[in-house]
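Descriptive structure summary
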Amino acid sequence: MSIPNIVSKKMLPIAIFILATQILYAQKIVHYDLYVRDTIVNFTGKEKRAIAVNGQIPMPTLTFTEGDIAEIVVHNQLKESTSLHWHGLYVPNKEDGVPYLTQLPIKPNETFTYRFPIVQSGTHWYHSHSGLQEQIGMYGSLILKKKTEDKTFRKGIDNIPQVPVVLSEWTDLKPENVHRMLHNASDWFAIKKGTTQSYTEAISAGHFKTKLINEWKRMLAMDVSDVYYEKVLINGENESQLSQFKAGDKIRLRISNGGASSYFWLKYAGGKMTVVANDGNDVEPVEVDRLIIGVSETYDVIVTIPAENTAYEFLATSEDRTKSTSLYLGDGVIQLTSPMPKLKYFEGMKMMNTMMKMDGSMNDMGMNMSLQKMDMNTVMYPEISGKPKMKKKNDMNMDDKMNHSEHSDSSNNQQDDIVTLNYGMLKASHPTTLPKNAQVRELRFELTGNMNRYVWSMDNIVLSETDKILIKKGENVRITLYNNSMMRHPMHLHGHDFRVLNGQGEYAPLKNVLDIIPMETDTIEFNANLEGDWFFHCHILYHMMAGMNRVFSYENQPPNPYLPNKTLAYKKLQAESNQLHFMAENDFATNGNDGMAMLQNTRWSFGTEWRLGYHDVHGYESETHIGRYIGKMQWLMPFIGFDWRYRKFGIDEQETNLFNQSNSKDNRNLFSAGINYTLPMLVIFQIEAFHNGDVRFQLMREDIPVSKRLRAGFMVNTDKEYMAGLRYIVNKNMSVSTHYDSDMGLGVGLSINY
Ligand SMILES: [Cu+2]
């Protein structure tokens, strides 16, 4: 197993890796020391900050055998606090590693010891549960081996060569900045990915109408993932090889998706892959050509080396298909698997148009989708639904398209026999039924969100707006999840495995992450057999940080020694997922200077705009609005405001608005109240009433995507003011702009944004 060598030498910390074992009451204590440190990495030609543990990214693979006692000492040598969560492990609540829920954050220069018995086997992983640290290196494999005498030991599966495989992704941007940009609806990631879906691109793809309908329904460009990554990685490297394997070898890949926000397609050049476990739990072997691994899921997959002197590619491709990473198994001539062709985004947009109702909720059209069986995105997969057609094709209805996800049109000369894994194909190796006489608690959650403001929630409520959900020890908790948002969500439950009710009866598979595709409904159930507080959340890091979380809390639980004040701690946890995001921009133009700054969180917006004229009108004005977004899609924002203006008028000059209300004062200080409402075509309609009785109606649209990097905007209002402009995006912080303004005339300038 090659050790990733991506940590620059000068920063290479002393890798201390003490594996001390001792016998105690016949249970072996397996001890690891983990030194968490800042480091500098270079994945892209640029040196960037990351976090390494014992000098490496991913963190070292931790291996235990069922029956061991794990003793893991975390030495925090960062300048910030940290934590480690043991993903998929049954641990006592206080060892679960969620700051402010099960322990306090591990402060800089502090040492914290996690100690728990290993009571299960399987492929798991571990990661930081503090802020965005998982994005920059704090993820690693956690392998729990079966004892050979275990009655579940499977020959040919549990006793063959095994390779831990951790998938992840890398961005050169600071993750805090990624998070901020997502909240500010920056389309920089789409520009980098080539997925802006602008009008020019739509017209040349024959999809002008598709784009119009899309904007009429108030949708931004559609994508299957939010963030642009420079690199995707297997075990910390973009390409690597394990050349020790020979023809005929069977290898068990223990794959964890440690990516912060990427799903990965997995393919293998040496034939079919046999899936033998999922989320650390054995399943009946099932042969597939490919599978998608959701964020934070694990799969155990057996591959074979078919021939001598060949290295076979194991390929992981991000779901948006912009980046991939390869692991070559074997020695010799490299045998590649076919790359995943680019997504047909306008086909996806067209599909979304049929799915989306005008109120921003999804229309499930009575299709009863579940268990990944009907992947809506298949319409975008050229390898199944055919190559993109530039001319308008004969209109298929939705049902036809759905059938195509199972069997594609063979006349298209596409492969119609690609076996893609779905949850319906997973069957546990042993019965997984819950205690029969337990009380059943039924819960239902709708997964909700809106892309325009990057709000992700459950039942339209984020963690900061809700209390813990009480459950009783001994009861069976059955949860129905319906995804009424535009993105898939990998929902993860801490501390427990749940059964996925997938039609396999007693053999329903056990999982701790449920990937749920838009419009799917799935049911999971588990026996509440622990105590304490357990996180239940979307494992897309940026969705979690946006508030898509809940806490299940056992009634009458014993106190947690690490968390004396649980009430205060929960408030801090809530605050972490409803942070304020700052944005600002300023246009330095020949005719004036205008800009804005905004602070926003899930519901609130505090914004101020300013304008300074140089020529025709000499003066300055500023408008400040404090508003609260209402409703799931947040189309409506009532606000209160304050306008302050100074301008020099000529002696007989005065301004009038369309209602003949006039204004000749040089100074104007006005309080106001009003509403913003997002109309179809993403035009913002504003009514603002001022305390002097004036009323202003305004229509505005910014960032009309004319081409990949060109944006248009306009504003017109009843004060007889109007503006139209164009902006060319140079990089993520700079644009060149030109605009005509009724007050300030024509100008060109440079726009800076943060
Ligand atoms: Cu999510």
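None of the values given here were measured: they were computed from a predicted structure. For every chain, the first residue of the written sequence is number 1, and numbering continues from 1 onward in sequence order. Per-residue local features of the predicted model are confined to residues with pLDDT of at least 70, and side-chain atom pairs are confined, for both listing and counting, to 80 or more; whole-chain, interface and lining totals are unaffected and use all residues.

**Overview of the overall build of the protein chain**
When helices and strands are counted, the protein chain shows 9 helices and 46 strands. Partly exposed residues are those whose C-beta has more than 12 but fewer than 20 other C-beta atoms within 10 Å; 20 or more makes a residue buried and 12 or fewer makes it exposed, with C-beta atoms placed from the backbone. When the 754 residues of the protein chain are sorted by exposure, 43% land in the buried category. Numbering of helices and strands runs from the N terminus, with a helix taken as a DSSP run of H or I at least four residues long and a strand as a DSSP run of E at least two residues long.

**Regarding the sheet that holds strand 25 (residues 476–483)**
At least two bridges found by DSSP between two strands is the condition for calling them paired. Read across the open sheet, the 6 strands follow the order 23-22-25-30-27-28; overall the sheet is mixed. Sheet topology places strand 23 (455–458) and strand 28 (510–511) at the edges, where each strand pairs with a single neighbour. Pairing of strand 27 (residues 498–500) with strand 28 involves 2 bridges; the strand directions are antiparallel. When the bridges of strand 28 are listed, Phe 498 appears paired with Lys 511.

**Observations regarding helix 1 (residues 175–183)**
Those residues of helix 1 lying buried are Pro 175, Val 178, His 179, Met 181, Leu 182 and His 183. Buried residues in helix 1 make contact with helix 2 (188–193), helix 8 (541–544), strand 33 (581–589) and strand 34 (592–600). Directly beyond the C-terminal end of helix 1, a positive phi value near 55° is found at Ala 185. What counts as a contact here is a pair of residues whose C-beta atoms, placed from the backbone, lie within 7 Å.

**Brief notes about unusual backbone geometry**
A cis geometry characterises the amide bond from Ile 57 onward to Pro 58, with omega recorded as -5°. Phi at Ser 296 is positive, roughly 80°, even though this residue is not glycine. Residue placement: Ser 296 occurs in the loop between strand 17 (290–293) and strand 18 (298–304). Classification of Ser 296 as buried rests on a count of 28 C-beta atoms within 10 Å.

**Some points on the packing of helix 4 (residues 208–216) against helix 5 (residues 345–355)**
Each pair of packed helices can be described by the angle between their axes along with the distance between the axes. Close contact between helix 4 and helix 5 brings their axes to 9 Å; oriented N to C, the two are set at 45°. Taken together, the axis directions place helix 4 and helix 5 in an arrangement best described as oblique. Viewed along their axes, helix 4 and helix 5 form a crossing whose handedness is left-handed. Residues Thr 210, Ile 213 and Asn 214 of helix 4 form the contact with helix 5, whose own contacting residues are Phe 346, Met 349, Lys 350, Met 352 and Asn 353. All amino acids are sorted into three groups, where Ala, Val, Leu, Ile, Met, Phe, Trp, Tyr, Cys and Pro are nonpolar, Asp, Glu, Lys and Arg are charged, and the leftover types, Gly among them, are polar. Of the residues in the contact of helix 4 with helix 5, the class split is 4 nonpolar, 3 polar and 1 charged. Orientation is described by lines fitted to C-alpha atoms, with helices fitted over the stretch in contact, and by angles between N-to-C directions that extend from 0 to 180 degrees. To sort the angles, those under 35 degrees are grouped as roughly parallel, those over 145 as roughly antiparallel, those from 65 to 115 as roughly perpendicular, and the leftovers as oblique. Helix crossings get a hand from a simple test, with the near helix turned counterclockwise from the far one by less than a right angle marking a left-handed crossing and a clockwise turn marking a right-handed one.

**Details of the sheet that holds strand 32 (residues 549–554)**
Reading across the sheet, the 5 strands line up as 24-32-31-26-29 and stay open at both edges, with mixed pairing between neighbours. Across the chains shown, the open sheet's two edge strands, defined by having one partner strand only, are strand 24 (469–471) and strand 29 (513–516). Strand after strand, the sheet turns through a mean of 20° between neighbouring axes, direction not considered. Looking at chain direction, strand 24 and strand 32 are connected through 3 bridges and run parallel. When the bridges of strand 32 are listed, Ile 471 appears paired with Tyr 554.

**Observations regarding the pairing of strand 29**
Residues of strand 29 alternate between two faces, with Val 513 and Asp 515 on one and Leu 514 and Ile 516 on the opposite face, all of them buried. Judged from the 4 bridges that link them, strand 26 (residues 489–493) and strand 29 form a sheet pairing that is antiparallel. Bridge pairing in strand 29 links Pro 490 to Asp 515.

**A short note on the environment of Ile 136**
Relative to the assigned elements, Ile 136 resides in the loop between strand 8 (122–127) and strand 9 (139–145). Sequence separation between Ile 136 and Ser 168 is 32 residues; the distance between their C-alpha atoms is 9.5 Å.

**Considerations on the nonpolar core**
Linking buried Ala, Val, Leu, Ile, Met, Phe, Trp, Tyr and Cys residues through C-beta atoms within 7 Å yields a set, and such a set is a nonpolar core. Membership of the largest hydrophobic core comes to 147 residues, with the highest contact counts inside it found for Val 275, Ile 293, Val 301, Val 303 and Leu 329. With 5 residues, the single largest contributor to this core is strand 19 (residues 310–318). Beyond its immediate stretch of four places on either side in the chain, Leu 329 contacts Leu 242, Phe 245, Ile 251, Val 303, Ile 305, Ala 311, Tyr 312 and Phe 314.

**Some remarks on the environment of Ser 324**
Among the secondary structure elements, Ser 324 is positioned in strand 20 (residues 324–329). According to the C-beta neighbour criterion, Ser 324 is buried, with 20 such atoms within 10 Å. A sequence separation of 85 residues divides Ser 324 from Glu 239, and the C-alpha atoms of the two residues are 9.3 Å apart. Every residue in contact with Ser 324, bar those within four places of it in the chain, is listed here: Val 232, Leu 315, Ala 316, Thr 317 and Pro 339.

**Observations concerning the confidence of the model for the protein chain**
Residue-level confidence of the predictor is what pLDDT reports, using numbers from 0 through 100. When pLDDT is averaged along the protein chain, the result is 88, and 90% of the positions lie at 70 or above. pLDDT under 50 marks residues 1–24. Its contacts with residues more than four places away, or in other chains, come to 47 contacts. In the model, residues 390–414 has pLDDT below 50 throughout and makes 29 contacts with residues more than four positions away in sequence or in other chains.

**Considering the environment of Met 349**
Considering the arrangement of structural elements, one finds Met 349 in helix 5. Along the chain, Met 349 and Asn 214 lie 135 residues apart, while their C-alpha atoms are 7.0 Å from each other. Once residues within four sequence positions are removed from consideration, Met 349 is found in contact with Gln 197, Thr 210, Asn 214 and Met 222.

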